[in-house]
Structure formats: C-alpha cells, structure tokens
Amino acid sequence: MQFADHTDDPEDTEYSAVERAAAASRSTWVSVVVNLVLTVLQITAGILSKSQGLVADGIHSLSDLVADFVVLVASSQSQRDADESHPYGHQRVENAASLVLGALLLAVGIGMVWSAFQKLQSPETVAPVGVVALWVAGAALVAKESLFRYMLAVAKRVKSSMLVANAWHARSDAASSLVVGIGIAGNLLGYPILDPIAALIVGFMVGRMGWEFGWEAMHDLMDRAIDDEEVAAIRRTLVETPGVSGVHDVRTRKMGDMIVVDAHIEVDATLTVEQGHDIAVEARHRVMQLHRVLNLMTHVDPWHRPDRDHEPVAG
C-alpha cells in the first residue's frame, strides 16, 4: 500500500490514525459476527452430516474468529499515545499481531493436515456425507467472498496493511470453502475419499497463509525498509522543498502501517545554522504531511562540500 507523493486527491491524507482505527474496528466486528455464525453452522452441520471437510472449514472459521479479536486488540493498542518507554508510539503492536496471527494459522493448518492424513490412512472409515453439508459449504463460500470484498474496500480506503492482510485471509477462507464444497460433492457422487482430501488441501492452505503472514511480520519487526517506489516519492518531496539542494542516505523502516525515515539533506554551505534548521523543519513538515511518515529525522549537510559523514573512523 502506498501514499501518493502529492495531495491532489484528498483521500490520500484525510484519514487520521483514530479514523483508521475506527474503520478497522467496524469492519472487524462485521467479520466477528460472520465467522461466529459460520463456526457454529459449519461444525454442527459437519458433525451431523459426517463431513470432515466441513468440520475442518468450521475450525478454520473459528481460527478466523480468534484472529479477528487479535486484530481488534492490536488496532486499539496501536493508537495509544507515545510515552517514555515507547517514544515512537505503539504502532508496532500491529506487526506483532500479524506475527501472532501467522503463528495461529500455521498451527491450525498443521493440525488440520495431520487429522486429514490420519483419515486417509484408513479410507474405509470415511463415511458418506449428508447433502446438507453441501448447502452449508455453499452458504459459507458466498458469505466469505462477500466479507472479503467488504473488508478489502475498507482497507484500501483507509490504507491499512493489517486490514488488507485480514481481508485476503477472508479470501483464502472462501477458497477453502470452495475446495470443501467440491470434496463434499465428490463424496455425494460416490467418491468418499474426496472429503478428507478436501480437508487436507484446506489444511495446507491455512498453514501456507500463516507462514506468509508470520514471515512478513517478522521482517517488519526487524526494521525492513519500505519499497523503492515509496522511498523515491519521499526523496522527491525532500528535493522539492525550497532550500534543499540535494538528498542522500534516505533510510526507512516500518512502524505498524507507518514509516520512520532518516535522511541527509544538502543545503547551501553559506547559510546560517538557523536558516539550515528552518529548511530541515520545512522538509520534515512536507514529508509527514504528504506521506504515511510517523517521524523524519534529518541531518543537514553542506552542498558540494565534504561532509565527512562517510570518512572511515580512525582506529
């Protein structure tokens, strides 16, 4: 997700941290209601109709319900004001929440794969399923796809990577419901083994999604830089600031959905310290206004003069 480098479109900057948190809360509560209903319906129908695939999908919905609460807690905690122990704020709670979400999904996926594998070891124990399982799987598919489209629209509007991740999680749920529906249909057509095979595929999907979420979150917690295109946009804003003659050593790191930036700006060497400071303040103001930057630390260098920043330190 990227912010525009100029504010021609007011939607690029009109959402404050509080508004983004409110949007996350609303959309996530919708997801809570949908997943709560689906969890009860799928597990109950799966047990009654003897469909392992539907039960697995119900457990998937249950993990979604837990994930929704993780998102709600993270969204609330990340909006806490900066304090002495956390001078940059608490935005990285979102990264930590994504890591927890990934670990949860990975564990659930492994459990589902193991259960399905055991069933496939004894195919004669796979019972025919009831037709009600197919209707429930179809209803779950429609509900999850609708939830995905709603949550993705909200995430793009407020530019929240955590909500984008949760939305695509809902899309993976829709895909799993489709796989389960195919497995149930195969069982009803006389191929009982297709139901645990569907459960096995769903387990792999859930585990893979958990690994990807956890891996991305771990990199963000390790101060991974943002993409080159967004760095270039921030650099352009700095260069276009009156009084800035050049920019180098732009470094970035993620802080939740926000960015912390360090940059060296070059100004006329004949300016006073006060004039150089004023230019740096204006550059910081512009970057924080036009980009999703939480803080910009500037270092002022003389333009076309040796700045001694890159000289080796004497031993």
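Residues numbered from 1 in each chain as written. Predicted model: local features only at pLDDT ≥ 70, side-chain atom pairs only at ≥ 80, totals over all residues. Heavy atoms only, no water.

**A closer look at the overall build of the protein**
Formally: In this text, helices come from DSSP runs of H or I with a minimum length of four residues, and strands from runs of E with a minimum of two, each type numbered from the N-terminal end. Relative accessibility under 20% of the residue-type maximum defines a buried residue, over 50% an exposed one, and the middle range a partly exposed one, all with a 1.4 Å probe and only protein chains included. Contacts were defined at the residue level, with two residues in contact if any of their heavy atoms lie within 4.5 Å. Residue-level accessible areas treat just the shown protein chains as cover; the underlying method is Shrake-Rupley with a 1.4 Å probe.
On a plain count of helices and strands, the protein comes out with eight helices and three strands. The secondary structure elements of the protein, listed N-terminal to C-terminal, are α-α-α-α-α-α-α-β-β-α-β. By the burial criterion, 45% of the 315 residues in the protein qualify as buried. Relative to all contacts within the protein whose residues are 6 or more apart in sequence, the contacts with residues 24 or more apart total 74%. Counting only carbon and sulfur atoms, one obtains 63% of the accessible surface of the protein, whose full area is about 15900 Å².

**Remarks on empty space enclosed by the protein**
Our working definition: Lining residues are defined by having an atom within 4 Å of a point belonging to a cavity or pocket. Those points lie on a 1 Å grid over the protein atoms alone, cavities being sets where a 1.4 Å probe fits but cannot get out and pockets being open sets with protein on both sides within 12 Å along at least five of seven lines. Grid points are joined across faces, edges and corners, and a volume is the space filled by probe spheres set on the points. Just so you know the grouping, Ala, Val, Leu, Ile, Met, Phe, Trp, Tyr, Cys and Pro go in nonpolar, Asp, Glu, Lys and Arg go in charged, and all remaining residues, Gly too, go in polar.
The final tally for this structure, using the stated rule, is three cavities of 30 Å³ or more. Reported here for the largest cavity is a volume of approximately 70 Å³. Taken together, the elements giving at least two residues each to the lining of the largest cavity come down to α1 (17-49), α2 (52-77), α4 (132-158) and α5 (161-188). Residue contributions to the lining of the largest cavity peak at four residues, all from α5. By residue class, the composition of the lining of the largest cavity is four nonpolar, four polar and four charged.

**Describing the sheet that holds strand β1 (residues 246-255)**
The following threshold applies: Pairs of strands are assigned from DSSP output, requiring at least two bridges between the strands. For every element, the axis is a line fit to its C-alpha atoms; helices are fit only across the contacting stretch, and the angle between N-to-C directions ranges from 0 to 180 degrees.
With respect to topology, three strands assemble into an open sheet ordered β1-β2-β3, the strand pairing being mixed. The open sheet has two edge strands with one neighbour each: β1 and β3 (293-302). On average, adjacent strands in this sheet sit at an angle of 15 degrees to one another, irrespective of strand direction. Bridge count between strand β2 (residues 258-267) and β3: nine bridges; the pairing is parallel. Within β3, the position partnered with A263 by the bridge is T298. Along the sheet face, helix α7 (residues 228-239) touches β1, β2 and β3 and points at about 135 degrees away from the line of β1.

**As for helix α3 (residues 93-121)**
Rules: By this rule, a helix spans an expected 1.5 Å times one less than how many residues it contains.
Taking 1.5 Å per residue as the helical rise, α3 with its 29 residues ought to reach 42 Å, and the 42 Å between its terminal C-alpha atoms agrees with that figure. Listed as buried for α3 are E94, N95, A97, S98, L101, G102, L105, V108, G109, M112, V113 and A116.

**A word on the packing of aromatic side chains**
Under the convention used in this document: We call Phe, Tyr and Trp rings a pair once their centres come within 6.5 Å, taking the six-membered ring for Trp, and we label the pair stacked below 30 degrees between planes, edge-to-face above 60, and tilted otherwise.
Tallied over the full model, the rule gives two aromatic pairs. The interplanar angle of 15 degrees and the centroid separation of 5.6 Å between the aromatic rings of W211 and W215 together place this pair among those described as stacked. Of this pair, W211 and W215 both sit in helix α6 (residues 194-221), four residues apart, roughly one helical turn. Judged by relative accessible area, W215 falls into the partly exposed class, the value being 40%.

**Brief notes about the side chain of S27**
Relative to the helices and strands, S27 resides in helix α1. Setting aside its immediate chain neighbours within four residues, S27 contacts Y150, M151, V154 and L163.

**Some details on unusual backbone geometry**
At K50, a residue that is not glycine, the phi angle is positive and equals roughly 60 degrees. Secondary-structure assignment places K50 in the loop between α1 and α2. Of note in this structure, D249 is not a glycine but carries a positive phi near 55 degrees. In this structure D249 comes out as partly exposed when scored by relative accessible area, which is 34%.

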